[in-house]
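Structural overview for review
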Amino acid sequence: MTRLLTLYGLALVFANVLVAQLGLPIPALPVMIAAGALGASGGVSAMASFALAVTAAVIADSIWYMAGRTYGNRVLELLGRVSRALRFGVQQANASLDRWGPLALALAKFVPGFSPIAPALAGSGGIPYFRFLLFDALGAVCWAGTVIVIGVLSRG
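Below is a short write-up of the structure. Everything numeric in this text was worked out from a predicted model, so none of it was measured. (Residues numbered from 1 in each chain as written. Predicted model: local features only at pLDDT ≥ 70, side-chain atom pairs only at ≥ 80, totals over all residues. Heavy atoms only, no water.)

**Considerations on the pattern of salt bridges**
Using the criterion set out here, one finds one salt bridge in the structure. As a salt-bridge pair, Lys109 and Asp61 come within 2.4 Å of each other at their nearest N and O atoms. Remark: Asp61 occurs in helix H3 (residues 46–71) and Lys109 occurs in the loop between helix H6 (103–107) and helix H7 (117–124); sequence separation between them is 48 residues. A relative accessible area of 8% places Lys109 in the buried class. (Salt bridge = Lys/Arg side-chain N within 4 Å of Asp/Glu carboxyl O. Helix = DSSP H or I, 4+ residues; strand = E, 2+ residues; numbered from the N terminus. Buried < 20%, exposed > 50% of the residue type's maximum accessible area, 1.4 Å probe, protein only.)

Dropping the structure here:
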């Protein structure tokens, strides 16, 4: 992975996070941790990796939000049909959004399987886009910052 990051650097971080946050079963955390570790040694900018990871996550979540806003429950039904785990995730995400409101969006990145579901639920639930974007970006900053810092510290 270090070799791939050395060759493709920031483009790999952006693409990996974008695809993972869109819901494809590709792990983003190892790439982000490796980017943080390379950032500590001067190979790849940790700050640029952080910024691109946040940007990619917010873009992917905005796509899910717009899908939920446009297609409503049909998107959630599609997610539920993909797998039993996602069906359970939709139920859990719905309960979390009911309980915590948009704050649940800030925590969604830290809960496996919740990440693509929460933005779609926010869109279908009618949360205004600016409010969604505020909480989603806060969550993306916390998530990407935590993972990149773990990489930086693991190098030390």
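What follows continues from the structure just given.
**Describing the packing of helix H2 (residues 29–40) against helix H8 (residues 129–155)**
If you want to describe how two helices pack, look at the angle between their axes and the distance between the axes. Taken N-terminus to C-terminus, the directions of H2 and H8 make an angle of 50°; their axes are 7 Å apart at the nearest point. Between H2 and H8, the interaxial angle falls into the category oblique. Helix-helix and strand crossings are classified by hand; for H2 and H8 the assignment is right-handed. In contact with Leu29, Met32, Ile33, Gly36, Ala37 and Ala40 of H2, H8 contributes Trp143, Ala144, Val147, Ile148, Ile150, Gly151, Val152, Ser154 and Arg155. Looking at the contact of H2 with H8, its residues break down into eleven nonpolar, three polar and one charged. (Axes fitted to C-alpha atoms, helices over the stretch in contact; angles between N-to-C directions. Parallel < 35°, antiparallel > 145°, perpendicular 65-115°, else oblique. Left-handed = near helix turned anticlockwise from the far one by under 90°. Contact = heavy atoms within 4.5 Å. Nonpolar A, V, L, I, M, F, W, Y, C, P; charged D, E, K, R; others polar.)

**Brief notes about the environment of Leu76**
Looking at the element boundaries, Leu76 is found in helix H4 (residues 73–82). Along the primary structure Leu76 and Ser124 are separated by 48 residues, whereas in three dimensions their C-alpha atoms are 8.7 Å apart.

**Thoughts on the packing of H3 against H8**
Taken N-terminus to C-terminus, the directions of H3 and H8 make an angle of 145°; their axes are 8 Å apart at the nearest point. As for how H3 packs across H8, the hand of that crossing is right-handed. Facing Ala46, Ser49, Phe50, Ala53, Val54, Ala57, Val58, Asp61, Ser62, Tyr65 and Met66 of H3, the residues of H8 in contact are Tyr129, Phe132, Leu133, Asp136, Ala137, Ala140, Val141, Trp143, Ala144, Gly145, Ile148 and Val152. Taken together, the residues of the contact of H3 with H8 sort by class into 18 nonpolar, three polar and two charged.

**A closer look at the packing of aromatic side chains**
By convention here, two paired aromatic rings are described through the distance between centres and the angle between planes. Using the criterion set out here, one finds three aromatic pairs in the structure. Judged by centre distance (4.5 Å) and plane angle (25°), the ring pair of Tyr65 and Phe132 falls under stacked. Here Phe132 lies in helix H8 and Tyr65 lies in helix H3, a separation of 67 residues in the sequence. Take Tyr65: its relative accessible area is 1%, and that puts it in the buried class. When its relative accessible area of 0% is taken as the criterion, Phe132 is described as buried. For the pair Tyr129 and Phe132, a centre-to-centre distance of 5.8 Å together with 35° between the ring planes defines the contact as tilted. In this pair, Tyr129 and Phe132 are both assigned in helix H8, three residues apart and thus about one turn of the helix distant. Taking relative accessible area as the criterion, Tyr129 reaches 31% and is therefore assigned partly exposed. (Phe/Tyr/Trp six-rings, centres within 6.5 Å; stacked < 30°, edge-to-face > 60°.)

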